[in-house]
Amino acid sequence: MLLTGASGRVGEAILRRLGEEYDWRLLDREPPTGEPDHEYVVADVTDEEAVREAVDGMDAVIHLAGDPRPEAPWDSVLANNIDGTQTVVAAAADAGVGKFVFASSNHAVGAYETDERTPELYRTSDEFRLDGTELPRPSNLYGVGKVAGETLCRYYHDETGMNTVCVRVGNLTEDHPPIDYERGQAMWLSYRDCAHLFERCLEADYDYEIVYGISDNDRKYYSIERAREVLGYDPQDNSARY
Ligand SMILES: NC(=O)C1=CN([C@@H]2O[C@H](COP(=O)(O)OP(=O)(O)OC[C@H]3O[C@@H](n4cnc5c(N)ncnc54)[C@H](O)[C@@H]3O)[C@@H](O)[C@H]2O)C=CC1
Ligand SMILES: O=C1O[C@H](COP(=O)(O)O)[C@@H](O)[C@H](O)[C@H]1O
């Protein structure tokens, strides 16, 4: 399995629980901080030759690498998130990789959180749900880049049949949900549920899917029904317990 952006937070959550479960090849533009437990490729995802070598022989790719900042400027979004994703997904499709898992974001649909809907949207009593079938509605240029990534995944799936899932990740924080931040509590994804969700993305059967990546929070305004149904996602955590 190839894991891009392996040295970041999502990569850490995945490797902490699944490090021993798969034969990993890790890729990041930053070198490892210590002696890596797995094969480690230092490369930028915009480097086509390096990426083509990295995907060679892989059954699956989890593509996390990119600029994660909601306020990321356009030049970074364009290079790291759009060009980088195109380079990785095209190389994976050409190499005949079986499954491609793309880390999309809540910011692909963040503009559904209108002044009229918030803050009630973030509360348990509100029944509004986004389920992945709605049109994209990004809240910033970073979100635009994630929508572009989802569209690239759709295109390469349709062109080559590569099984592809885009996970609109919520707010990953370790140990407990964000404090004094209702939006973050509604879209909290625990480290444990994060690892489980990406494991399901590696194991389940699907064609092309968009799912939400959050824990089973009482406050949720993202449906996790599709992730349950198609992937067998069974989250254990809930921000309401904290
Ligand atoms: N952490 C979260 O709550 C959320 C994360 N995501 C997405 O998940 C992915 C991972 O996010 P985090 O782990 O939080 O970010 P992070 O910044 O902790 O990790 C990203 C990793 O990607 C690497 N990277 C960045 N650009 C690269 C490039 N051009 N080539 C090679 N490596 C590159 C960085 O060196 C870093 O190790 C990102 O795509 C982000 O947009 C989406 C929604 C929420
Ligand atoms: O996509 C992302 O979303 C989370 C949550 O967004 P926020 O605006 O509520 O902080 C963010 O923490 C993460 O860095 C980003 O990649």
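In case you missed it, the structure is sitting above this.
Predicted, not measured: the structure shown is a model, and the values here were computed from it. (Residues numbered from 1 in each chain as written. Chains lettered and ligands numbered in written order. Predicted model: local features only at pLDDT ≥ 70, side-chain atom pairs only at ≥ 80, totals over all residues. Heavy atoms only, no water.)

**What to know about the nonpolar core**
- With 47 residues, the main nonpolar core has Leu3, Ile14, Trp24, Ile62, Val167, Phe198 and Leu231 as its most contacted residues.
- Counting residues per element, this core draws most heavily on helix H6 (residues 191-203), at 7 residues.
- Sequence-distant contacts of Ile62, that is, excluding residues within four places in its chain, are made with Leu2, Leu3, Thr4, Ile14, Trp24, Val101, Phe198 and Leu202.
- Membership of the second largest hydrophobic core comes to 27 residues, among which are Leu2, Val89, Ala92 and Cys153. (Core = buried A, V, L, I, M, F, W, Y, C linked by side-chain atoms within 4.5 Å. Buried < 20%, exposed > 50% of the residue type's maximum accessible area, 1.4 Å probe, protein only. Helix = DSSP H or I, 4+ residues; strand = E, 2+ residues; numbered from the N terminus. Contact = heavy atoms within 4.5 Å.)

**A short note on the site of ligand 2**
- Taken together, the neighbourhood of ligand 2 is formed by Arg9, Pro68, Pro70, Ser105, Asn106, His107, Tyr142, Gly170, Asn171, Tyr181 and Arg183.
- Asn106 is positioned with one of its side-chain polar atoms (N or O) 3.1 Å from an oxygen atom of ligand 2.
- Tyr142 is positioned with one of its side-chain polar atoms (N or O) 2.7 Å from an oxygen atom of ligand 2.
- Across the complex, the protein chains shield 75% of the 380 Å² of accessible surface that ligand 2 would expose by itself.
- Among the detected pockets, ligand 2 sits in the largest pocket.
- Within the shell around ligand 2, the residues separate by chemical class into 4 nonpolar, 5 polar and 2 charged. (Near = heavy atom within 4 Å. Polar contact = N/O pair within 3.5 Å; in protein donor to acceptor, adjacent residues only side chain to side chain. Areas by Shrake-Rupley, 256 points an atom, 1.4 Å probe, with all protein chains shown as cover. 1 Å grid on protein atoms, 1.4 Å probe; cavity = no way out; pocket = protein on both sides within 12 Å on 5 of 7 lines; lining within 4 Å. Sits in = over half its atoms within 2 Å of the grid points. Nonpolar A, V, L, I, M, F, W, Y, C, P; charged D, E, K, R; others polar.)

**Observations concerning helix H2 (residues 48-55)**
- Burial in H2 covers these residues: Ala50, Val51, Ala54 and Val55. For H2, the buried positions fall inside an angular range of 125° around the axis, keeping them on one side. Seen from the buried face of H2, the exposed residues on the opposite side, beyond 90 degrees, are Glu49 and Glu53.
- Packing partners of the buried residues in H2 comprise strand S1 (2-4), strand S2 (25-28), strand S4 (60-63) and helix H3 (74-94). (Arc of directions from axis to C-beta.)

**Focus: the pattern of salt bridges**
- For the coordinates displayed, the defined rule picks out 20 salt bridges.
- A salt bridge links Arg183 to Glu113; the shortest N-O distance between them is 2.6 Å. Highlighted residues: Arg183 in helix H5 (residues 182-186) and Glu113 in the loop between strand S5 (99-105) and helix H4 (141-160), separated in sequence by 70 residues. Across the pair, Glu113 and Arg183 agree in class, each one buried. (Salt bridge = Lys/Arg side-chain N within 4 Å of Asp/Glu carboxyl O.)

**Focus: the site of ligand 1**
- Taken together, 25 residues form the shell around ligand 1, and within it Arg9, Asp28, Leu64, Asn80 and Tyr142 come nearest.
- For ligand 1, an oxygen atom lies 2.8 Å from a polar atom in the backbone of Leu64.
- Note that a nitrogen atom of ligand 1 is positioned 2.8 Å from one of the side-chain N or O atoms of Asn80.
- Contact with the protein chains hides 90% of the accessible area of ligand 1, taken as 820 Å² for the molecule alone.
- Comparing atom positions with the cavity grids shows ligand 1 to sit within the largest pocket.
- Looking at the shell around ligand 1, the elements with two or more residues in it are helix H1 (9-18), S5, H4 and strand S7 (171-172).
- Looking at the shell around ligand 1 element by element, the count peaks at 3 residues for S5.
- Here the residues of the shell around ligand 1 are counted per class, giving 10 nonpolar, 9 polar and 6 charged.

**Observations concerning the layout of surface pockets**
- The calculated volume of the largest pocket comes to roughly 850 Å³.
- In terms of lining residues, the largest pocket is bounded by 34 residues, among which Arg9, Val10, Gly66, Asp67 and Pro68 are the most central.
- Elements supplying a minimum of two residues to the lining of the largest pocket: H1, S2, S5, H4 and S7.
- Across the lining of the largest pocket, the residue classes break down as 14 nonpolar, 12 polar and 8 charged.
- Its volume calculated, the second largest pocket comes out at about 350 Å³.
- By residue number, the principal contributor to the lining of the second largest pocket is H1, which donates 4 residues. (Points joined across faces, edges and corners; volume = space filled by probe spheres on them.)

**A short note on unusual backbone geometry**
- A cis amide bond links Thr118 to the next residue, Pro119, at an omega of 5°.
- The residue Pro119 is located in the loop between S5 and H4 in this model.
- With a phi close to 75°, Asp175 is a non-glycine residue in the positive phi region.
- Topologically, Asp175 is positioned in the loop between S7 and H5.

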